[in-house]
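What follows is the residue order along each chain.
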Amino acid sequence: ATAEKGGYEHFMLKEIHEQPKAIRDTLAGRVKDGLVDLSQDLSFTEAELKRFDKIHFVACGTAYHAGLIGKSVVEKLTGIPVEVDVASEYRYRDPIITPSTLVVVVSQSGETADTLAALREAQQTGAKVVGITNVVGSSVAREADEVLMTWAGPEIAVASTKAYTTQLIAIYLLGLYLARILGTCSETELSDATQALVQLPEQVEKLLQDPVAIQRVAGEIAQHEDLFFIGRGLDHAVVMEGSLKLKEISYIHSDAYAAGELKHGTLALIEEGIPVIALATQKAVYEKMVSNIIEVKARGAYVLGLGLEGDTELGKSVDEVITIPDTRPLFTPILSVVPLQLLAYYTSTARGLNVDKPRNLAKSVTVE
Ligand code: G6P
C-alpha cells in the first residue's frame, strides 16, 4: 500500500512533499519575460479588469484560509478593497454584490455545496466569478465565468496541504496580474516580486529536508489536549490554517489568535506548560510579536517560535526555534505553513491516529 503512496507512509506526507512540484506546475506557463501573465487563463479584457471596484473571496475550510491571505495580497498589490467570507455565511448575510464586484471562489474539489451555492448567487446578482479549483471539469470549473486552475494533482488525504499552497500561488498570480494591468505597482516592483515567487518551490524543498525539530515538538504537544497558535498579519491567517490542520488529524483542541488580541481574553488560559506555536515572520510587526511571545513565556508557556532564517533574536525568548528561508513578507505563508503541516502530521502519528481519514470529516462536503 505504500507503493501508491510513493513510498511514504501516508498520503498526507506524500502530498506535503509534492508541494515543490505542485507549486512549479501551478506557476508553469504563467510567468513570461519575468512578469505574470494570465491572459491564457482569464479572458477578461483590460477594460473589464479595470472596472472591478471590490473583490470577494468565498470558500470553506482550508480554501477559506487561502482567501484570508488573498485579502492582504490583493489589497496590497492593487488597492482594491477585498472581503473574505466562509461560503456558508456569505449566502445568508446579504453581501453587497454589484456588477462591478469580482467574486473569487476557491475550492480544491470544485464540488463543495456551500461554495457552489455562493458562486451561483453571485452570478445571479450580475457579478463575475473566478473559480480557483484543482479539479478539471468540476462544478466550479464548469460554472465559474473564468477559471484559474491549481495544478496540485489529486489530493487524497482529507487534510489539505498541496491544494492550499497552490491556492496561494494562484492568488499571488492573480494579484500580480491585476497589479500589472491596473498599473498599481511599478514594473521593478512586479519583476522583483515575480522573481521571488518563482524561487518558492526550491525554498519549500529546502524546508522539507530536516523535520527533526518539528518531530521533537510534535512529541511534546501530542501529550496535550489544548494549545494555542499566535501570529500577526499574514502570520495570523497562517496560524488559523495550522490550527485547523492540527485539529483535523490530531483531535487536539487549539485556537489561533491574532497575537495582539491575547490580552483581551485568551491570556487567562495561558498557564505552566501550555504549548504555544508563535509565528514571527512578518518584519513590520516583528517587535510587537516578540513582546507577545514574552508575555506567554512569562506565564510558563512552552513556546515554539517560527521565524525567518538569520533571526538570532527569537531563540532567546522561546523553547524551540524553526526558521524558514527569507522571502518577501507577502510570500512567507507558502513557507511558514509547511512546518505547521508537518507538525500536525507528526502529532497525529505520535498519537497513533488515522492521518489520512480523520473521524467525522470528508474530503469534499457536497451537502449543505
Ligand atoms: C472539507 C475538507 C477540507 C476542505 C474543505 C473545502 O471540509 O475536509 O480539507 O478545505 O472541505 O473543500 P474544497 O474542495 O471546497 O476546497
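Every chain's residues receive numbers from 1 upward, in the order its sequence appears when written. A pLDDT threshold of at least 70 governs which residues receive local features in this predicted model, and a stricter bar of 80 or more applies before side-chain atom pairs are shown or counted, although totals over entire chains, interfaces and linings include all residues.

- In the nomenclature of an unreviewed UniProt entry, the protein is known as Glutamine--fructose-6-phosphate aminotransferase [isomerizing] of Melghirimyces thermohalophilus.
- UniProt positions are given in the numbering used here, feature names are shortened, and annotations may be inferred rather than shown by experiment. UniProt's Catalytic activity (unreviewed entry) comment on the protein is quoted here verbatim: "D-fructose 6-phosphate + L-glutamine = D-glucosamine 6-phosphate + L-glutamate".
- As its UniProt record puts it under Subcellular location (unreviewed entry), the protein is described as follows: "Cytoplasm".

### Focus on the overall build of the protein
Next, step 1: For the purposes of this entry, the term helix denotes a DSSP run of H or I that reaches at least four residues, the term strand denotes a run of E that reaches at least two, and both are numbered from the N terminus. In terms of regular secondary structure, the protein is built from 13 helices and 12 strands.
Next, step 2: Placing C-beta atoms from the backbone, we regard two residues as in contact once those atoms come within 7 Å. Counted over contacts in the protein with a minimum sequence separation of 6, partners at least 24 positions apart contribute 74%.

### Observations regarding the site of the ligand
Next, step 1: Nearness between a residue and a molecule or strand is assessed with a C-beta atom placed from the backbone; a distance within 6 Å qualifies. Within the structure, the ligand sits among 15 residues, and Gly61, Thr62, Ser107, Ser109 and Thr112 are positioned closest to it.
Next, step 2: Here the shell around the ligand gets three residues from one element, more than from any other, and that element is helix α4 (residues 61-78).
Next, step 3: Three categories are distinguished: nonpolar for Ala, Val, Leu, Ile, Met, Phe, Trp, Tyr, Cys and Pro, charged for Asp, Glu, Lys and Arg, and polar for the others, with Gly belonging to the last. Of the residues assigned to the shell around the ligand, the class counts are five nonpolar, nine polar and one charged.

### Quick notes on the sheet that holds strand β8 (residues 226-231)
Next, step 1: A pair of strands counts as paired when DSSP detects no fewer than two bridges linking them. As summarised here, the arrangement of the five strands in space is β9-β8-β10-β11-β12, forming an open sheet in which the pairing is parallel. Single-partner strands in this sheet number two, and they are β9 (253-258) and β12 (320-324). Averaged over all adjacent pairs, the angle separating strand axes in this sheet is 20°, with direction ignored.
Next, step 2: Where strand β11 (residues 302-308) meets β12, five bridges bridge the pair, whose relative direction is parallel. Its bridge partner lying in β12, Leu304 is registered against Glu320.
Next, step 3: To obtain each axis, a line is fitted to C-alpha atoms, and for helices this fit is confined to the stretch in contact; angles are then taken between N-to-C directions over 0 to 180 degrees. Along the sheet, helix α12 (residues 286-298) contacts β8, β10 (275-280) and β11; its crossing angle with β10, the most-contacted strand, is approximately 170°.
Next, step 4: Where helix α13 (residues 332-350) meets the sheet, its contacts fall on β10, β11 and β12, and the angle it forms with β12 comes to roughly 140°.

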